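For reference, the chains in residue letters:
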Amino acid sequence: MLVCSCNYITDTEIKAVINQLLDEDCWQLIVPAKVYHAMAKRGRCCGCFPTVVDLIISTTEEYHARRHSTQAEVVDFITRLKTFHEERRRADLERRHRSHRAA
């Protein structure tokens, strides 16, 4: 299935990259930008990113199910992704905006 029509990337290519990243470090946080960077591509319209996030979640869960990770090692990936997003958002909010003027 074609996931990214801007770069002509299929779901099998994305899953292969995700599995490769998980082989390097099975507990790392994988986001769409990291997947695209590993493929030497970049998101253009970024309309495919929600689908890529769904593929990351399902592929990571399948990876850990095949690996027979114990329940204590399994991490809630949605929670980690939301935490990562909130940290990035806070960093953006702390910057001085163009509309802000000093006295």
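Residues numbered from 1 in each chain as written. Predicted model: local features only at pLDDT ≥ 70, side-chain atom pairs only at ≥ 80, totals over all residues. Heavy atoms only, no water.

(A) Inspection of the overall build of the protein chain at higher detail. Check the secondary structure of the protein chain and you find four helices and two strands. Looking at the protein chain as a whole, 30% of its 103 residues are labelled buried. Contacts spanning at least 24 positions in sequence make up 60% of the contacts within the protein chain whose residues lie at least 6 apart. In the form shown here, the protein chain has an accessible surface area of approximately 7500 Å², with 52% of it arising from carbon and sulfur atoms. (Helix = DSSP H or I, 4+ residues; strand = E, 2+ residues; numbered from the N terminus. Buried < 20%, exposed > 50% of the residue type's maximum accessible area, 1.4 Å probe, protein only. Contact = heavy atoms within 4.5 Å. Areas by Shrake-Rupley, 256 points an atom, 1.4 Å probe, with all protein chains shown as cover.)

(B) Molecular detail of the side chain of Thr59. The residue Thr59 is located in helix 3 (residues 49-67) in this model. In terms of polar contacts, Thr59 uses its side chain to reach the backbone carbonyl oxygen of Leu55, at 2.7 Å. Residues contacting Thr59, with those up to four places away along its chain left out, are Lys15, Ile18, Asn19 and Leu22. (Polar contact = N/O pair within 3.5 Å; in protein donor to acceptor, adjacent residues only side chain to side chain.)

(C) Structural context of helix 1 (residues 11-24). Compared with the 20 Å implied by 1.5 Å per residue over 14 residues, the 20 Å span of helix 1 between its first and last C-alpha is a close match. Lining the buried residues of helix 1 we find strand 1 (2-4), strand 2 (9-10), helix 2 (32-38) and helix 3. (Expected span 1.5 Å × (residues − 1).)

(D) A look at the confidence of the model for the protein chain. On average, the protein chain scores 82 in pLDDT, and the residues at 70 or more come to 77%. When pLDDT is averaged over each element of the protein chain, helix 1 comes out on top at 94 and helix 4 (residues 77-94) at the bottom at 71. (pLDDT = per-residue confidence, 0-100.)

(E) Up close: the nonpolar core. With 18 residues, the main nonpolar core has Ile14, Ile18, Ile30, Val35 and Val52 as its most contacted residues. Broken down by secondary-structure element, the contributors of at least two residues to this core are strand 1, helix 1, helix 2 and helix 3. Among the elements that take part in this core, helix 1 stands out by supplying five residues, more than any other. Discounting chain neighbours no more than four positions away, the residues touching Ile30 are Ile18, Leu21, Leu22, Val35 and Ile56. (Core = buried A, V, L, I, M, F, W, Y, C linked by side-chain atoms within 4.5 Å.)

(F) Looking closely at the packing of aromatic side chains. Using the criterion set out here, one finds one aromatic pair in the structure. Between Tyr36 and Phe49, the aromatic rings sit 5.4 Å apart at their centres with planes inclined by 50°, giving tilted as the arrangement. Taken together, the positions of Tyr36 in helix 2 and Phe49 in helix 3 put the pair 13 residues apart, joining distant regions of the chain. Judged by relative accessible area, which is 1%, Tyr36 ranks as buried. (Phe/Tyr/Trp six-rings, centres within 6.5 Å; stacked < 30°, edge-to-face > 60°.)

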